[in-house]
Amino acid sequence: MPDTSPLPDLISHVLYSEETLQRRVAELGAAISADYATKKPHLIGVLRSVIVFMADLMRSITIPMTVDFIAISSYGPSTKGQGGVRLTKDLDQPIAGRHVIFVEDVIDTGLTLSYLLHILKARQPASLQVCVLFNRPQRRLIDIPLAYSGFDVPDHYLVGYGLDYQQRYRHLPYVGVLKEDKVLPHRWSRGRV
Amino acid sequence: MMTTEGSERQPPRFSHPAEAEFARILDFYGIPWEYEPHTFPLAWDEQGRVTEAFSPDFYLPQQGLYVELTTMQPHLVTKKNRKLRRFRELYPDVPIKLLKRRDIRGLLLKYGLEEESHVVLDNPPSGEQVKQDA
């Protein structure tokens, strides 16, 4: 039965319903299962926003697989002036000789992903591919081949299905568009193209 | 293409806070960059002298990509868009990415820099208009 509960105040509309997300994630899982039928994929995700996608993707993969997580500091008010990226949680298992699939929730500029792939490649996996759920190619600065991509998304701030705004809305089963004019300073909305 | 010798070895004097913030983001993620290292002629007079040129704000050598930033309101970017069109006509093999006001805003929001956005997007230093349209 469709969910008819009202949207949270700061969400303008649903971009991808729970059903749409589940269907696309199942397709990605099926593709990975087929491509890695003779291998054992090792999925790696970067905490935290990938956890919901990772949980669903893992369950849609029908072949033996393993999973691990990594966490890094991201650029922001608390990390400005502190040098570069820091690993705040390293992988628990070595990846040398393994068939790694890096799983990411959103890719836009590619800066974070580029940094992480550089780290992973140095650890000499047998292969390294990328699976992303939400791709924002219009913001890309670093070109990165994507073996698996769920949706090309419009240039809006998305929340839900693991994605947050100030740590809110990660739990929503759908992806919604944030009302930017409600959460950002009014002046920001002037520049909308 | 003309080159500004040694520009990457000197601490650059950014002409806009958005450029400084963008450079800090690139530094954080270990992406090498150069600030306005190259100038591309866009027009010449009858004697072959350059009458119009364009210096993209950033060059990312590992990507071979030029990046131009603009914080101007969309209705004010006509001249810049014309320059970019001419640039792409003359140098079709040179990759360039234009980060518009909305792109910069999205980047700042992504990194939780809402307060900084006031400085970057709404309080341009004097002379910015001249520089950005140049």
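These figures come from a predicted structure and were not determined experimentally.

1. What to know about the overall build of chain B
Scanning chain B from terminus to terminus reveals five helices and seven strands. Secondary structure elements of chain B, listed N to C terminal, follow the sequence β-α-β-β-β-β-β-α-β-α-α-α. The proportion of buried residues among the 134 residues of chain B is 50%. Sequence-distant contacts in chain B: of pairs separated by 6 or more residues, those separated by 24 or more amount to 62%. Accessible area for chain B stands at about 6,600 Å²; split by element, carbon and sulfur atoms hold 51% of it.

2. Details of the sheet that holds strand β5 (residues 99-107) of chain A
Residue and element names in this part refer to chain A. Spatially, the six strands line up as an open sheet ordered β4-β3-β2-β5-β6-β7, and their pairing is mixed. Both outer strands of the open sheet, β4 (87-89) and β7 (148-152), are each paired with one neighbouring strand and no more. Neighbour-to-neighbour, the strand axes of the sheet open up by a mean angle of 30 degrees, direction not taken into account. One ladder, built from eight bridges, connects β5 with strand β6 (residues 127-135); its direction is parallel. Following the sheet pairing, Phe 102 is matched in β6 by Val 130.

3. Description of the packing of helix α1 (residues 18-35) of chain A against helix α2 (residues 51-60) of chain A
Residue and element names in this part refer to chain A. Direction vectors running N to C along α1 and α2 enclose 50 degrees, while the axes themselves pass 8 Å from each other. Between α1 and α2, the crossing angle belongs to the class labelled oblique. Handedness of the α1/α2 crossing: right-handed. Counting all contacts with α1, which are made through Gln 22, Val 25, Ala 26, Leu 28, Gly 29, Ala 30, Ile 32 and Ser 33, the residues of α2 involved are Phe 53, Asp 56, Leu 57 and Ser 60.

4. Points about the pattern of salt bridges
Scanning the entire structure with this criterion turns up 15 salt bridges over all chains. A salt bridge links Arg59(A) to Asp56(A); its shortest N-O distance comes to 2.6 Å. Taken together, the positions of Arg59(A) and Asp56(A), both in helix α2 and three residues apart, correspond to about one turn of that helix. On the accessibility criterion, Arg59(A) (66% relative accessible area) is exposed. Overall, the relative accessible area of 13% leaves Asp56(A) in the buried class. Among the ionic contacts, a cluster of salt bridges with common partners joins Asp108(A), Arg136(A), Arg139(A), Asp155(A) and Arg102(B).

5. Points about the pairing of strand β9 (residues 175-178) of chain A
All names here are of chain A. Bridge analysis of strand β1 (residues 11-16) against β9 gives four bridges, and the strand direction is antiparallel. If you follow Val 14 over to β9, its bridge partner there is Gly 176. Here strand β8 (residues 158-159) pairs with β9 via two bridges, running antiparallel. Of the residues in β9, the one forming a bridge with Val 159 is Gly 176.

6. Things to note about the layout of surface pockets
The space that makes up the largest pocket amounts to roughly 1,200 Å³. Around the largest pocket sit 45 residues that line it, and Ser49(A), Ser74(A), Tyr157(A), Asp164(A) and Lys110(B) are the ones nearest its centre. Of all the secondary-structure elements, those providing two or more residues to the lining of the largest pocket are β3 (66-72), β5 and α3 (111-122) of chain A together with α3 (101-110) of chain B. It is α3(B) that contributes the most residues to the lining of the largest pocket, five residues altogether. The residue inventory of the lining of the largest pocket, partitioned by class, reads 17 nonpolar, 14 polar and 14 charged. The volume enclosed by the second largest pocket comes to roughly 330 Å³. Forming the walls of the second largest pocket are 17 residues, and the residues nearest its centre are Ser114(A), Leu117(A), His118(A), Lys121(A) and Ile144(A). For the lining of the second largest pocket, the secondary-structure elements that each account for two or more residues are α3 and β6 of chain A. With five residues, α3(A) is the single largest residue contributor to the lining of the second largest pocket. Considered class by class, the residues forming the lining of the second largest pocket number nine nonpolar, six polar and two charged.

7. Description of the environment of Val159(A)
All names here are of chain A. If you trace the backbone, Val 159 turns up in strand β8. Of the residues examined, Val 159 reaches a relative accessible area of 0% and is grouped as buried. Each C-alpha atom, one on Val 159 and one on Ile 11, is 8.1 Å from the other, the two residues being 148 residues apart in sequence. Ignoring anything within four residues of it in the chain, the contact list for Val 159 reads Ile 11, Asp 164, Tyr 165, Tyr 169, Tyr 174, Val 175, Gly 176 and Leu 178.

8. A few points about α3(B)
Owing to its 3.6 residues per turn, the α-helix brings residues three or four apart onto one side. Residues and elements named next belong to chain B. Among the 10 residues that make up α3, nine are buried, leaving the element largely enclosed by the rest of the structure. Within α3, burial applies to Arg 101, Arg 102, Asp 103, Ile 104, Arg 105, Gly 106, Leu 107, Leu 108 and Leu 109. A positive phi of about 70 degrees marks Gly 112, the residue just after α3.

9. Some details on the sheet that holds β9(A)
Spatial ordering of the open sheet is given by β1-β9-β8 (chain A), a layout of three strands whose pairing is antiparallel. Looking along the sheet, the strands with just one partner apiece sit at the ends: β1 and β8 of chain A.

What counts and what doesn't
Residues numbered from 1 in each chain as written. Chains lettered and ligands numbered in written order. Predicted model: local features only at pLDDT ≥ 70, side-chain atom pairs only at ≥ 80, totals over all residues. Heavy atoms only, no water. Helix = DSSP H or I, 4+ residues; strand = E, 2+ residues; numbered from the N terminus. Buried < 20%, exposed > 50% of the residue type's maximum accessible area, 1.4 Å probe, protein only. Contact = heavy atoms within 4.5 Å. Areas by Shrake-Rupley, 256 points an atom, 1.4 Å probe, with all protein chains shown as cover. Pairing = 2+ DSSP bridges. Axes fitted to C-alpha atoms, helices over the stretch in contact; angles between N-to-C directions. Parallel < 35°, antiparallel > 145°, perpendicular 65-115°, else oblique. Left-handed = near helix turned anticlockwise from the far one by under 90°. Salt bridge = Lys/Arg side-chain N within 4 Å of Asp/Glu carboxyl O. 1 Å grid on protein atoms, 1.4 Å probe; cavity = no way out; pocket = protein on both sides within 12 Å on 5 of 7 lines; lining within 4 Å. Points joined across faces, edges and corners; volume = space filled by probe spheres on them. Nonpolar A, V, L, I, M, F, W, Y, C, P; charged D, E, K, R; others polar.

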